[in-house]
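# Summary of the model geometry
Listed below are the residues making up each chain.
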Amino acid sequence: MKIETGTVYLVGAGPGDPDLLTMKAARLLGDTDVVLHDTLASEEIVDRAAASAEVIDVGKRPGSDGERTTQTSINNLMVQKAEEGKDVVRLKGGDPAVFARGGEEIEHLTAAGIACEFVPGITSAIAAPSIAGIPVTHREYASSLTIVTGHEDPTKDKSALNWSAIADNIVAGGTLVILMGVSHLADNIDRLRTEGVPTQTSVAIVENATRPTEFTVSGTLDTIVKQSRDVGVDPPAVTIVGDVVSIREQIADCRQDESVPQSMHYRNQIYSLVWSGNKK
């Protein structure tokens, strides 16, 4: 008797706080056979998987043995588990379609004849700025938003990014959000300056947004690289460039009612600490 294949759900885990999971994502996690999760999916969210589920870490960061999980291995594993008749949650940090290879994976599943579905999550491109008190759009400051990967080396011969257009958009009042850009922060900032973005343009970096270790450092295009080095910014972190960053200081005294979930509170320490040394 032929086994009926399972379904693979490409699920967005959001920025980290389990309270920010969608209801559908939580339901699927609690009623699935297999969970294949990335490194950015927080432990608190992975722990919501069904007790009977097989949970496999397929994060691409090097493991204890120094090996990385390849994309080919992930693709093959998704197909293998589905062909065994198991439903699979492919759990990704943020949204599975925003710089998360979700498009590649769903193409692979479709070509293999596996039923699959996107389950959107809250992307850190929006969550990280907002949780730090920075709305990425504002009628008086920014009417456009550009989201780019910072993982690409901007000094390579053929960049996929039009840095001149990105810079022009910032100068015109748009907001730029850079994901996965910690290792290339200096290069990215230098490129924006070279393309004509004023050095006093506001910049903020939010590390571990919505998690207990969340913190924010803010400055300008001229100062942010040194500041990030001084405090020791590590991934995952989101960089925001543009006039909207200044709103953060304007609402520093904003406090939410205690009935609002903690995940939606502005973290008091973000506004009160002066970063003069390593983060604690």
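An unreviewed UniProt entry annotates the chain as uroporphyrinogen-III C-methyltransferase originating from Haladaptatus pallidirubidus. For the record of the chain, the UniProt heading Subunit (unreviewed entry) holds the text "Homodimer."

### Some words on the overall build of the chain
Looking only at helices and strands, one finds 10 helices and 10 strands in the chain. Each of the 280 residues in the chain was classed as buried or not, and the buried ones make up 48%. Partitioning the intrachain contacts of the chain with sequence separation of at least 6 by distance along the chain shows that 70% fall at a separation of at least 24. For the chain, the accessible area works out to roughly 14000 Å², and carbon and sulfur atoms hold 49% of it.

### A few points about the environment of T146
Within the secondary structure layout, T146 lies in strand 6 (residues 145-149). Taking C-alpha positions, T146 is 8.4 Å from N169, a pair spaced 23 residues apart along the chain. Setting aside residues no more than four positions away along its own chain, T146 makes contact with I166, N169, T175, L176 and V177.

### Comments concerning the side chain of T123
Counting through the fold element by element, T123 comes out in the loop between strand 5 (115-119) and helix 5 (124-131). Residues in contact with T123, not counting those within four places in the same chain, are G94, D95 and V98.

### Section: the nonpolar core
I166, L176 and L192 are the most contacted members of the largest nonpolar core, which totals 23 residues. Counting residues per element, this core draws most heavily on helix 6 (residues 163-171), at four residues.

### Section: a nonpolar patch on the surface
A surface patch of nonpolar side chains, amounting to about 380 Å² of accessible area, comprises F99, I126, L145, I147 and M180. By the element assignment, L145 lies in strand 6.

### Focus: the pairing of strand 4 (residues 88-92)
Counting buried residues in strand 4 gives five out of five residues, a clear majority hidden from the surface. Residue alternation in strand 4 divides its side chains into two sets, V88, R90 and K92 and V89 and L91, and both sets are buried. Sheet topology note: the strand 1 (residues 7-12)/strand 4 ladder contains five bridges and is parallel. Paired with Y9 across the bridge in strand 4 is V89. As defined by bridge partners, strand 2 (residues 34-37) adjoins strand 4 across four bridges and the pair is classed as parallel. When the sheet's bridge partners are listed, H37 is paired in strand 4 with L91.

### Some remarks on the packing of helix 7 (residues 185-194) against helix 8 (residues 224-231)
The interhelical angle for the contact between helix 7 and helix 8, taken along N-to-C directions, is 165 degrees, at an axis separation of 10 Å. As the angle between them shows, helix 7 and helix 8 are arranged roughly antiparallel. The hand of the helix 7/helix 8 crossing is right-handed. Counting all contacts with helix 7, which are made through L185, A186 and I189, the residues of helix 8 involved are I224, V225, S228 and R229. A class-by-class count of the residues in the contact of helix 7 with helix 8 yields five nonpolar, one polar and one charged.

### Regarding the packing of helix 6 against helix 7
With their axes 9 Å apart at the nearest point, helix 6 and helix 7 run at an angle of 70 degrees to one another. Judged by the inter-axis angle, helix 6 sits roughly perpendicular to helix 7. Seen from helix 6, the contacting residues are W163, I166, A167 and I170; seen from helix 7, they are N188, R191 and L192. Across the contact of helix 6 with helix 7, the residue classes tally to five nonpolar, one polar and one charged.

### Regarding the pattern of salt bridges
Close approach of charged atoms allows side chains with opposite charge to pair. Applying the stated rule across the entire model yields 12 salt bridges. D38 is the partner of R90 in a salt bridge, and the nearest nitrogen-oxygen pair spans 2.8 Å. Here the residue R90 occupies a position in strand 4, and D38 occupies one in the loop between strand 2 and helix 2 (43-46), the gap between them amounting to 52 residues. The residue D230 makes a salt bridge to K226 at a minimum N-O spacing of 2.8 Å. Remark: K226 and D230 occur in helix 8; sequence separation between them is four residues, near one turn of the helix. Classification of D230 by relative accessible area gives partly exposed; the value is 31%.

Reading the values: rules and limits
- Residue numbers run consecutively from 1 along every chain, following the written order of its sequence.
- Totals for whole chains, interfaces and linings use every residue, but because this is a predicted model, local features are given only for residues with pLDDT of at least 70 and side-chain atom pairs only at 80 or more, for both listing and counting.
- Only heavy atoms go into the side-chain values, all of them from the structure, while hydrogens and water stay out.
- UniProt positions are given in the numbering used here, feature names are shortened, and annotations may be inferred rather than shown by experiment.
- The numbering of helices and of strands both runs from the N terminus, where a helix is a DSSP run of H or I of at least 4 residues and a strand a run of E of at least 2.
- Think of it in three bands: residues with accessible area under 20% of the maximum for their type are buried, residues over 50% are exposed, and the middle band is partly exposed, with areas taken using a 1.4 Å probe on protein chains only.
- Contact between two residues is taken to exist if any of their heavy atoms lie within 4.5 Å; hydrogens are not considered.
- Where accessible areas are quoted, they stem from the Shrake-Rupley method and a 1.4 Å probe; at the residue level, only the protein chains shown are allowed to cover.
- Buried Ala, Val, Leu, Ile, Met, Phe, Trp, Tyr and Cys residues form a nonpolar core when they are joined through side-chain atoms within 4.5 Å.
- A patch consists of residues whose relative accessible area exceeds 30% and which take part in no salt bridge; residues with like charges are grouped when within 9 Å of each other, and nonpolar side chains (Val, Leu, Ile, Met, Phe, Trp, Tyr) when within 5 Å.
- A pair is scored as a salt bridge if a Lys or Arg side-chain nitrogen falls within 4 Å of a carboxyl oxygen belonging to Asp or Glu.
- Strand pairing is assigned whenever DSSP identifies at least 2 bridges connecting the two strands.
- Fitting a line to C-alpha atoms yields each axis, with helices limited to the stretch in contact; the angle taken between N-to-C directions then spans 0 to 180 degrees.
- Here the angle decides the label: under 35 degrees means roughly parallel, over 145 means roughly antiparallel, 65 to 115 means roughly perpendicular, and every other value means oblique.
- By convention the crossing between two helices is left-handed if the near helix lies anticlockwise of the far one by an angle smaller than a right angle, and right-handed if it lies clockwise.
- The residue classification treats Ala, Val, Leu, Ile, Met, Phe, Trp, Tyr, Cys and Pro as nonpolar and Asp, Glu, Lys and Arg as charged. All others, Gly included, are polar.

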